[in-house]
Amino acid sequence: MSNFGSVKVRFAPSPTGELHLGGARTALFNWLYAKKHQGSFFLRIEDTDKARSKDVFTSQILDSLKWLGLDWDEPLIYQSGRQERYKYYIKKLMDERKAYRCFCSKSDLENIKEDSYALYPGTCRSLSSDEIKTKLNQGKSFTIRIKLEEGYTEFKDLVYGAIKINNKELDDFIIARSDGSPTYNFTVVVDDYEMEISHVIRGDDHLSNTPKQLIIYKNLELKAPIFAHLPMILGSDKKRLSKRHGAPGVQSFKDKGYFPDSLLNYLALLGWNPKNEKEVLDADELINLFSFDQVQKKGAAWDEKKLHWLSGQYVQNKNSQFLLDQIRLLDSDWGKNSDISTLINIINSLKPRAKSLHEFIVKSKHFFIAPDTYDEAERLKAWPDSNATEIVGQCSDILTSLDTWSSEVLESEIKSFASKKSYGLGKVIMPLRLAVFGSLDGPALFDIISILGKTETLHRIQYASTRMPT
RNA sequence: GGCCCGUUCGUCUAGUGGUUAGGACUCAGGAUUUUCAUUCCUGCAACAGGGGUUCGAUUCCCCUACGGGCUACCA
């Protein structure tokens, strides 16, 4: 923490799309840093691009942040409501002659520049006041450009270290458009200053913008914050994640039944490492361990397989009642005809097999719906001949005669039957499993039968026997 | 084109001027299990290339290649 005051950070999404993985990671690191230093975490909606900004995206972004548990401090800032402040600072620069009007039109600029890469040559930089007056009287529109001085601009990035660039590489860039609206680099500076942001933590696509912003700070004579740039998150093709390339939204992970804490955990591991070998870390641990010197400089491709694995680790650590509540949030109809204790039993039986809430829903299907068809390959495997049919029939008789219906009793009865007949256990269990569950995969057979109950189990066997080899 | 940034197993990463270059995910094989999964064990697999500096470089420096970013009256 700096000696100058408390840590204040911000996440500044533009509402031109939903929150995707990259944005979520940026928000997370800001949040972690704020929490670690008992600082504040603010949100600023950069909605000045009127054409692309939409309110629905703002609320989607806020919803996603809430879901992730990245709580922010008030107030929520909208750039669109701050036009007067930008004007104030632009006027200040104009008054102090640290910025100037540029009357060049777009086509002028195309002609002036030798090629499209060339810097603005400063055509209007030293117009006389008479010239300016004349152009103004002619009603010529103008932009406002910042006046660069010779020299170097340097700063120390918390992730990338010392960065130094020659101001010659930059030109007198535009800070206000011809309609008077400020450009991004300018609004960021004004906002971060007025919000008293101590640390600007953002994607490294802004690394090259930082010198420009520093020049604005300098011309405005404002104290600049500390910068920390985060490497990009890439897709599996190693390309930068962006809205245009179909970057997955946070919402889609919620829909797939991933837990917010597992996604947060995963995201934290992308571009940062806790410097120990423990990877399953809750928010408190992340906060505790977080540090910029363990942040990577290179982009990181995200990998759903690992997220899936991590999610599975979280499933194992959740209690079953919680899982039930969460499943119901995803699908309010799930198991609606069963009582709670049955549902808890189902969840328990599926727990080691499910890596997301969604998988509970998929894998539990045949607890609720009796199978009516059987996969051909599985039939061949479990019911190769009439022998299987006979075994299932004998099991059915045993089950019918049972009064006590528990996993343990079922197991011992079926096992003793198998050994009495000298059947391998698989010879008994496989055909039975297919008959009652419609699948060769799934929870322990005796758990299935015990959860299904006597009536349902016998029904299913009865139906299956009509489909078995004779 | 210019400037900035980067490059360790397929992926996420640890790491050091002298290491059998470590872990995790994935994948393969094995053990356990009534199936699947879990769990456990084993295995495959990396320092982009070339020059230096050095007794010795994956590690420090330079170049090249490759990748990314900025170079907008987008953010």
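Residues numbered from 1 in each chain as written. Chains lettered and ligands numbered in written order. Predicted model: local features only at pLDDT ≥ 70, side-chain atom pairs only at ≥ 80, totals over all residues. Heavy atoms only, no water.

Enquirer: In this structure, what is going on with the overall build of chain A? I would like to understand it.
Expert: From N to C terminus, chain A includes 21 helices and twelve strands. At 32 Å, chain A has a C-alpha radius of gyration far larger than the 23 Å of a compact globule built from 470 residues. If one aligns the C-alpha atoms of chain A with their principal axes, the spans along those axes are about 110 × 45 × 35 Å. Considering chain A as a whole, with its 470 residues, one finds that 50% of them fall into the buried category. (Helix = DSSP H or I, 4+ residues; strand = E, 2+ residues; numbered from the N terminus. Rg over C-alpha atoms; globule rule 2.2 N^0.38 Å. Buried < 20%, exposed > 50% of the residue type's maximum accessible area, 1.4 Å probe, protein only.)

Enquirer: Got a minute to help me understand the nonpolar core in this structure?
Expert: Among soluble globular proteins, nonpolar side chains are generally buried collectively. By size, the foremost hydrophobic cluster in this structure holds 131 residues, and its most contacted members are Ile175 and Phe186. Here this core gets nine residues from one element, more than from any other, and that element is helix α1 (residues 21-36). Beyond its immediate stretch of four places on either side in the chain, Phe186 contacts Tyr86, Tyr89, Ile90, Leu93, Ile175, Ile216 and Leu220. Cys104, Tyr120, Cys124 and Leu127 belong to the second-largest nonpolar core, a separate cluster that totals eight residues. (Core = buried A, V, L, I, M, F, W, Y, C linked by side-chain atoms within 4.5 Å. Contact = heavy atoms within 4.5 Å.)

Enquirer: Just to check I follow, could you spell out the confidence of the model for chain A for this structure?
Expert: Residues shown with low pLDDT carry predicted positions that ought not to be read at fine detail. The predicted model of chain A averages 93 in pLDDT, with 98% of residues at 70 or higher. Reported for the predicted complex are a pTM of 0.93 and an ipTM of 0.95. (pLDDT = per-residue confidence, 0-100.)

Enquirer: Quick question: what am I supposed to make of the protein's contact with RNA strand B here?
Expert: Within the structure, RNA strand B sits among 63 residues, and Arg177, Gly271, Asn273, Glu279 and Lys298 are positioned closest to it. Restricting attention to atoms of RNA strand B within 4 Å of the protein, one finds that 68% of them are sugar or phosphate atoms. Trp309 is positioned such that a nitrogen or oxygen atom in its side chain is 3.4 Å from a phosphate oxygen of RNA strand B. Grouping the amino acids of the surface near RNA strand B by side-chain chemistry returns 22 nonpolar, 15 polar and 26 charged. (Near = heavy atom within 4 Å. Polar contact = N/O pair within 3.5 Å; in protein donor to acceptor, adjacent residues only side chain to side chain. Nonpolar A, V, L, I, M, F, W, Y, C, P; charged D, E, K, R; others polar.)

Enquirer: Sorry if this is basic, but what is going on with the domain arrangement of chain A here?
Expert: You can read the domains of chain A as domain 1 (1-75 + 231-317), domain 2 (85-176), domain 3 (320-368) and domain 4 (376-465). Spacing between the C-alpha centres of domain 1 and domain 2 amounts to 35 Å. (Domains from an automatic or database assignment.)

Enquirer: Looking at this structure, I do not really get the sheet that holds strand β8 (residues 174-176). What am I missing?
Expert: Within a sheet, neighbouring strands are paired by backbone hydrogen bonds and run either parallel or antiparallel to one another. Here we have three strands laid out as an open sheet, ordered β4-β5-β8, and antiparallel in their pairing. Because the sheet does not close on itself, it has two edges, and the strands there are β4 (99-102) and β8. With strand direction ignored, the average angle separating the axes of adjacent strands in the sheet is 45°. Where β4 meets strand β5 (residues 143-146), four bridges bridge the pair, whose relative direction is antiparallel. Each residue of the ladder has a partner; that of Tyr100, found in β5, is Arg145. (Pairing = 2+ DSSP bridges. Axes fitted to C-alpha atoms, helices over the stretch in contact; angles between N-to-C directions.)

Enquirer: Where do I start with the sheet that holds strand β1 (residues 8-11) in this structure?
Expert: Spatially, three strands are ordered β1-β2-β3 in an open sheet, and the strand pairing comes out parallel. The two strands at the open ends of the sheet, each matched to only one other strand, are β1 and β3 (77-78). As paired elements, β1 and strand β2 (residues 40-45) share four bridges and run parallel to each other. Looking across to β2, one finds that Val9 is bridged to Phe41.

Enquirer: How do you make sense of the packing of aromatic side chains when you look at a structure like this?
Expert: Describing an aromatic ring pair means giving the distance of the ring centres and the angle of the ring planes. All told, the structure shown has 15 aromatic pairs when counted by the stated rule. With centroids separated by 6.5 Å and ring planes inclined at 35°, the aromatic side chains of Tyr374 and Tyr463 adopt a geometry described as tilted. Placement of Tyr374 in the loop between α15 (365-368) and α16 (376-382) and of Tyr463 in helix α21 (residues 454-465) is noted, with a sequence separation of 89 residues between them. Plain terms: the ring middles of Phe417 and Tyr423 are 6.0 Å apart, the flat faces sit at 65° to each other, and that makes the pair edge-to-face. The class of Phe417 is buried, set by a relative accessible area of 5%. Members of the aromatic cluster, each reached through a chain of ring pairs, are Phe29, Tyr33, Trp272, Phe290 and Phe292. A cation over a ring is seen here: Arg101 above Phe142, with NZ or CZ 5.2 Å from the ring centre. (Phe/Tyr/Trp six-rings, centres within 6.5 Å; stacked < 30°, edge-to-face > 60°. Lys NZ or Arg CZ within 6 Å of the ring centre and 35° of its normal.)

Enquirer: Teacher, can you tell me more about the environment of Glu413 here?
Expert: Summarising the element assignment, Glu413 is placed in helix α18 (residues 407-420). For Glu413, a relative accessible area of 31% translates into the label partly exposed. Sequence separation between Glu413 and Leu445 is 32 residues, and the spatial gap between their C-alpha atoms is 13 Å. Contacts of Glu413, omitting those with residues within four sequence positions, involve Ile398 and Leu402.

Enquirer: Would you mind going over the pattern of salt bridges with me for this structure?
Expert: Pairing is possible between side chains that carry opposite charge, provided their charged atoms lie close to one another. The final tally for this structure, using the stated rule, is 24 salt bridges. As a salt-bridge pair, Glu196 and Lys8 come within 3.1 Å of each other at their nearest N and O atoms. Taken together, the residues span a long stretch of sequence, with Glu196 in the loop between α6 (184-194) and β9 (199-203) and Lys8 in strand β1 at a distance of 188 residues. Residue Glu196 is classed as exposed on the basis of its relative accessible area, which comes to 51%. Between Arg10 and Asp192 there is a salt bridge; the shortest N-O distance is 2.8 Å. You can see Arg10 sitting in strand β1 and its partner Asp192 sitting in helix α6, a full 182 residues away along the chain. Assigned by exposure class, Arg10 and Asp192 land together as buried. (Salt bridge = Lys/Arg side-chain N within 4 Å of Asp/Glu carboxyl O.)

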